[in-house]
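Per-entry structural report
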Amino acid sequence: MNKIDVLLGLQWGDEGKGKIVDVLTPGYDVVARFQGGPNAGHTLEFEGVKHVLHIIPSGIFHQEKVNLIGNGVLIEPHIFQQEIEGIEAKGIDPTRNLLISLKAHLILPSHRMMDAANEQAKGASKIGSTLKGIGPTYTDKIARNGLRVGDILAADFDQRYDALKQAHLRAARSLGFDVDAFRIDGMTLAQYEEKWNEGLQCLRRFNLVSSEYYVNRVLRENRRILAEGAQAMMLDIDFGTYPFVTSSNTITAGVCTGLGVAPSAIGKVMGITKAYCTRVGAGPFPTELFDETGSLLCSLGHEYGATTGRPRRCGWIDIPALRYACMINGVTELYVTKPDVMNDFEYINMCTGYRIDGAVTDEIPYNYNTAAITPILATYPGWKQGLAGITHYEELPNQLLAFLSAIEQQTGVSIAAVSISPDRKDVIFKSSTSMQ
Ligand code: GDP
Ligand code: IMO
Ligand code: MG
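Residues numbered from 1 in each chain as written. Chains lettered and ligands numbered in written order. Predicted model: local features only at pLDDT ≥ 70, side-chain atom pairs only at ≥ 80, totals over all residues. Heavy atoms only, no water.

A word on the coordination of the magnesium ion (ligand 3). Donor atoms from the polypeptide that bind the magnesium ion (ligand 3) are D14 (OD) and G41 (O), placed at 2.0 to 2.2 Å. Of this pair, D14 sits in the loop between strand 1 (4-9) and helix 1 (17-24) while G41 sits in the loop between strand 2 (30-33) and strand 3 (42-46), placing them 27 residues apart in sequence. The class of D14 is partly exposed, set by a relative accessible area of 21%. (Donors = N, O, S within 2.8 Å, 3.2 Å for Na, K, Ca; no water. Helix = DSSP H or I, 4+ residues; strand = E, 2+ residues; numbered from the N terminus. Buried < 20%, exposed > 50% of the residue type's maximum accessible area, 1.4 Å probe, protein only.)

By nearness alone, 21 residues border ligand 2, and K17, H42, T130, Q231 and T246 come closest of all. Within the side chain of H42, a nitrogen or oxygen atom sits 2.7 Å from an oxygen atom of ligand 2. Take T246: an N or O atom from its side chain is 2.6 Å from an oxygen atom of ligand 2. Summarising the interface, the protein chains cover 97% of the accessible area of ligand 2, which totals 550 Å² for the free molecule. Looking at the shell around ligand 2 residue by residue, the class counts come to 8 nonpolar, 10 polar and 3 charged. (Near = heavy atom within 4 Å. Polar contact = N/O pair within 3.5 Å; in protein donor to acceptor, adjacent residues only side chain to side chain. Areas by Shrake-Rupley, 256 points an atom, 1.4 Å probe, with all protein chains shown as cover. Nonpolar A, V, L, I, M, F, W, Y, C, P; charged D, E, K, R; others polar.)

Near ligand 1 you find 18 residues, and of these K17, G41, T43, D340 and S419 are the closest. In the model, an oxygen atom of ligand 1 is placed 2.9 Å from a nitrogen or oxygen of the G18 main chain. Between ligand 1 and D340, the relevant distance is 2.6 Å, taken from a nitrogen atom to a side-chain nitrogen or oxygen of the residue. Computed on the free molecule, ligand 1 has an accessible area of 580 Å², of which 93% lies beneath the protein chains in the complex. Those elements that place two or more of their residues in the shell around ligand 1 are helix 1 and strand 3. With 3 residues, helix 1 is the largest single contributor of residues to the shell around ligand 1. The residue makeup of the shell around ligand 1, split by class, is 4 nonpolar, 7 polar and 7 charged. Two domains each put at least three residues into the shell around ligand 1: domain 1 (4-103 + 208-267) and domain 3 (275-329 + 338-434). (Domains from an automatic or database assignment.)

On to helix 7 (residues 189-204), then. In this model helix 7 runs 22 Å from its N-terminal to its C-terminal C-alpha over 16 residues, within 8% of the 22 Å that 1.5 Å per residue would give. The set of residues buried in helix 7 consists of L189, Y192, E193, W196, G199, L200, C202 and L203. Viewed end-on, helix 7 has its buried residues packed into an arc of 160°, placing them on one side of the element. (Expected span 1.5 Å × (residues − 1). Arc of directions from axis to C-beta.)

Throughout the structure, instances matching the rule amount to 19 salt bridges. The salt bridge partner of K103 is E212, with a shortest N-O separation of 2.6 Å. Of this pair, K103 sits in the loop between strand 7 (98-101) and strand 8 (105-106) while E212 sits in helix 8 (residues 211-220), placing them 109 residues apart in sequence. Put simply, E346 and K384 hold a salt bridge, and the shortest N to O gap is 2.8 Å. (Salt bridge = Lys/Arg side-chain N within 4 Å of Asp/Glu carboxyl O.)

One finds I4, L68, V255, L259, M342, F403 and L404 to be the most contacted residues of the largest nonpolar core, which totals 75 residues. With 6 residues, the single largest contributor to this core is helix 11 (residues 319-329). Residues lining this core come from more than one domain, with at least three contributed by each of domain 1 (4-103 + 208-267) and domain 3 (275-329 + 338-434). With sequence-adjacent residues up to four places away left out, F403 is seen in contact with A275, I317, I348, N349, M350 and Y380. Counting 45 residues, the second largest nonpolar core, distinct from the first, contains I84, L108, F157 and W196. (Core = buried A, V, L, I, M, F, W, Y, C linked by side-chain atoms within 4.5 Å. Contact = heavy atoms within 4.5 Å.)

Domains assigned within the protein chain are domain 1 (4-103 + 208-267), domain 2 (105-202) and domain 3 (275-329 + 338-434). Put simply, the middle of domain 2 and the middle of domain 3, counted by C-alpha atoms, are 36 Å apart. Of the residues lining the interface, 6 residues belong to domain 2; the matching set on domain 3 comes to 5 residues. Interface area for domain 2 against domain 3, summed over the two sides, is near 330 Å², with a carbon-plus-sulfur share of 52%. Seen at the junction of domain 2 and domain 3, the total is 0 salt bridges. Our enumeration of links across domain 2 and domain 3 arrives at 2 residue pairs in polar contact (both at pLDDT 80 or more). (Buried area = accessible area lost by both parts, 1.4 Å probe.)

Further remarks concern the packing of helix 2 (residues 77-88) against helix 7. Helix 7 packs onto helix 2 with a crossing angle of 60° between their chain directions and a minimal axis gap of 7 Å. Of the possible angle classes, the one that applies to helix 2 and helix 7 is oblique. Our pair here, helix 2 against helix 7, has a crossing hand that is left-handed. Within the contact between the two elements, helix 2 uses P77, H78, I79, F80, Q81 and I84 and helix 7 uses Y192, K195, W196, E198, G199, L200, C202 and L203. Among the residues forming the contact of helix 2 with helix 7, the class breakdown is 9 nonpolar, 3 polar and 2 charged. (Axes fitted to C-alpha atoms, helices over the stretch in contact; angles between N-to-C directions. Parallel < 35°, antiparallel > 145°, perpendicular 65-115°, else oblique. Left-handed = near helix turned anticlockwise from the far one by under 90°.)

Another aspect to go through is the packing of aromatic side chains. The description of two aromatic rings rests on the distance between their centres and on the angle between their planes. Within this structure, the stated rule accounts for 11 aromatic pairs. Taking 5.4 Å as the distance between ring centres and 50° as the angle between the ring planes, the aromatic pair formed by W12 and F285 counts as tilted. Note that W12 is positioned in the loop between strand 1 and helix 1 and F285 in the loop between strand 12 (276-279) and helix 10 (292-300), a separation of 273 residues in sequence. The residues W12 and F285 share a single accessibility class, namely buried. An aromatic cluster is built from F157, Y161 and W196, whose rings are joined through pairwise contacts. (Phe/Tyr/Trp six-rings, centres within 6.5 Å; stacked < 30°, edge-to-face > 60°.)

Okay, structure coming up:
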């Protein structure tokens, strides 16, 4: 029986997961999402064209590969339909290679309203949610009130939909939220519901399956599955910077619950990190830069949210957070993205520990959100040259190689590959055996 390989983000999201999944897909038979939903924005680039995916796995442009939306994922039918239409416009027929779990939960328009109502009620302490309805939908899942993809085939779906919507309307009003003024993409709730219902029709065109049986059969038949994480370690509901997190388990353990595979079936765990660090939304970020270097990382790295367009906060790479991520996820190999953004930097910093109240630690403390954390920085000379055209790891500039080997040494995990541009072709594997 084969094991399932996992690829996930080790920071606060947007590490380049979509790009790396697209590059690794030829080595797999199935690419499967296991958590999150349209809060994700995964960017792929090839042949000069950029593609942003939210719910659909990043293997979709490989027509001969199966892509699976697992039970742990949340689907918003209108966003799903828009995404499908975008893919169809690029000449791909996703009805051929996309499977959807009957057990995946549905994001209702009123879940999105609740997201806005909750954020408004939090005032200054708001999370900075993407407002796609993630928190309220997972809340209903755990409270056992949710609607699942399989329910759209049931005769009483409309009544159940309405009961849930009414509960949301009551809850939003009790928070003092102006339900009538609420808009999604400029539409009232009723207008958006029409689009949402069209989205349900679109969903019905797809192969809706008991994905846990499918996944285990594929592994038994010694075919290969790549599980694609969304969000990232530091946004995990249990181990991230709670409450400034998303509402799912973004970690390796989430693969077991989000796809229905046993812990013993987990194979390689590929962790993605940028050569620096970004965060979008609120919450702690000890290495954040508020100076010109931070602005340069943002502008040169095009650090604007793929889902919301918000500018991302930027800072130096954070080793304590990376080590934590490697520990919680059992990372077996690292992928480092975007060093090219710092090509012109005189020097590059790496945070190797935190100073908190005069004491030094390399652990993530419980009071991470409130502690005054001063990052301890190690400085590396910049490489001051472009990386375009480099195809072998050993050809990378010595200063960059030194920086990369410091990451390996500090985390205790080897680097499998480095990505040096948004394009599919620019991933440099350390040795030919690392490639699938
Ligand atoms: P994801 O959410 O982890 O899939 O990442 P996003 O797509 O949200 O953000 C990553 C951004 O960096 C996208 O705009 C990618 O096109 C881009 N990107 C990925 N890898 C590289 C790289 O190695 N160098 C540069 N310059 N950009 C990259
Ligand atoms: P990908 O998969 C970066 C952040 C939001 C907010 C918090 C909670 O592209 O890496 P939510 O909408 O889940 O309630 O938002 O999590 N967030 C992300 N940040 N990348 C993402 O996904 C994110 N998904 C959610 O900005 O701070
Ligand atoms: Mg993203």
